[in-house]
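# Per-entry structural report
This is what each chain is made of:
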Amino acid sequence: MTTFDWQGCFAPLLDHLATSGLEDWAARLRKQLTWRFEDNPHGDVQRWHKALSQLPELGNTTVDLNQPAITLRADTAEGVSREPLEAALRGLMPWRKGPFDFFGIPIDTEWRSDWKWDRVAPHLANLEGRRVLDVGCGSGYHCWRMLGAGARRVIGIDPGLLFLFQFLSVKRYLADAPVDLLPVRMEDLPAKLETFDTTFSMGVLYHRRSPIDHLLELKDTLRRGGELVLETLVVDGPEGYSLVPEDRYGRCATSGSCRAATPCCAGSTAPAIAMHEWWTLPQPPPKNSGPPTGCAFSHSRTSSTLRTRAKRWKATLDRSGPR
């Protein structure tokens, strides 16, 4: 049985980074990937690679990225037996984020990620031509939707290796698509990366033991003037209220805390963020351009209480100016 050629898999992205002024990140990534696939390999990698290799070769593949299911089609698919294709896809179970449709075989994933996208997408800045980072991307469902919305290049990060192989099952048929998934953690990214136009963190913040550190890490990924899209669980409660589970939340081993929907500061010069169902945070203006202007409330379901708290926070920022 052939082994997973991780170097061939990630070579195009590493080359792209190295020729885009991100040589240090490319070198760092190569070391991290060597550790994951050679120094400390996961015991199921070969099983997942076998399932991936069993997907049929099909020519003239097209994809629809702008409907609920990421849908792959091919003129030659009608002559392909469904049983081997379905068996290969079953070899990559469980499928959590989706849905997907592989040449007429639907994958009814555990989570309807399209519902979240439909809520968030109308409020986003235009993704046309933007470089996008998706933190905690799972199998990459939202990465494909971001490409469909016009992004120039999308990079998703998630340490789960099964998610990587599920992503590669789509990428197998769209080899030239400027979308990549890296099996790394947020803290594995270089400090002060400052390269992305838009960074998404959806369903991640409440997993973090230190949410403020996560917000600072997210801010460091953005170029000046970039946009952070933050989506998280919140709880009802007074300002500063936080719910910390004793053991696990929803059987998840990495639960951090759920906080009240209260504006907070993401950094010494950052405008306010509201940790609501989702939020959009502009990066701070250039230095010496005056005090921060606060956060624009574009979410249609923001409560009046949240508006009052945010106005109070904005007034505090306006009085103090940049810090």
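Everything here concerns the structure above.
About the criteria used
- Per chain, residues are indexed from 1 in the order of the written sequence.
- Totals for whole chains, interfaces and linings use every residue, but because this is a predicted model, local features are given only for residues with pLDDT of at least 70 and side-chain atom pairs only at 80 or more, for both listing and counting.
- Excluding hydrogens and water, the side-chain figures rest on all heavy atoms present in the structure.
- Secondary structure is summarised from DSSP: a helix means a run of H or I of at least four residues, a strand means a run of E of at least two, and numbering begins at the N terminus for each.
- Relative accessibility thresholds used throughout: buried, under 20% of the residue-type maximum; exposed, over 50%; partly exposed, between the two (1.4 Å probe, protein chains only).
- Using the Shrake-Rupley algorithm and a 1.4 Å probe, accessible areas are obtained, with residue cover drawn only from the displayed protein chains.
- Directions drawn from the helix axis to the C-beta atoms are what define this arc.
- Polar contacts, as used here, are pairs of N or O atoms within 3.5 Å; protein pairs need one atom able to donate a hydrogen and one able to accept it. Residues neighboring in sequence count only if both atoms are side-chain atoms.
- Pairs of residues are marked as contacts when any of their non-hydrogen atoms sit within 4.5 Å.
- Aromatic rings from Phe, Tyr and Trp, taking only the six-membered ring of Trp, are treated as a pair when their centres fall within 6.5 Å; an angle between ring planes under 30 degrees marks them as stacked, one over 60 as edge-to-face, and anything in between as tilted.

Within the protein chain one finds nine helices and 17 strands. Considering the protein chain as a whole, with its 323 residues, one finds that 51% of them fall into the buried category. Taken as a whole, the protein chain presents about 15700 Å² of accessible surface, with 50% of it coming from carbon and sulfur.

What follows deals with helix α5 (residues 113-120). Where α5 is concerned, the buried positions are S113, D114, K116, W117 and V120. One side of α5 holds all its buried residues, which, seen down the axis, span an arc of 155°.

Moving on: the environment of H16. Checked against the element boundaries, H16 lands in helix α1 (residues 6-18). Sequence-wise, H16 and A26 are 10 residues apart; in three dimensions their C-alpha atoms are separated by 8.7 Å.

Right, let's get into the side chain of T198. By the element assignment, T198 lies in strand β10 (residues 196-202). Of the residues examined, T198 reaches a relative accessible area of 0% and is grouped as buried. Separated by 2.7 Å, the side chains of T198 and R130 make a polar contact. Residue contacts for T198: discarding those within four places in its chain leaves L127, R130, R131, V132, L133, L222, E227 and V229.

Any pair of aromatic rings gets described here by the distance separating the centres and the angle formed by the planes. What the rule picks out here adds up to 13 aromatic pairs. Ring centres 5.9 Å apart and planes at 85° place the aromatic pair F100 and Y141 in the edge-to-face group. Note that F100 is positioned in strand β4 (residues 100-102) and Y141 in helix α6 (residues 141-148), a separation of 41 residues in sequence. Here F100 matches Y141 in class, with each residue buried. The rings of F4, W6, F10, F37, W48 and F165 are connected pair by pair, giving a single aromatic cluster.

Within the element layout of this structure, Q32 appears in helix α2 (residues 23-39). Overall, the relative accessible area of 17% leaves Q32 in the buried class. Here D188 takes part through its backbone oxygen, which lies 2.9 Å from a polar atom of the side chain of Q32. Ignoring any residue separated from it by four or fewer positions in sequence, one finds Q32 in contact with V184 and D188.

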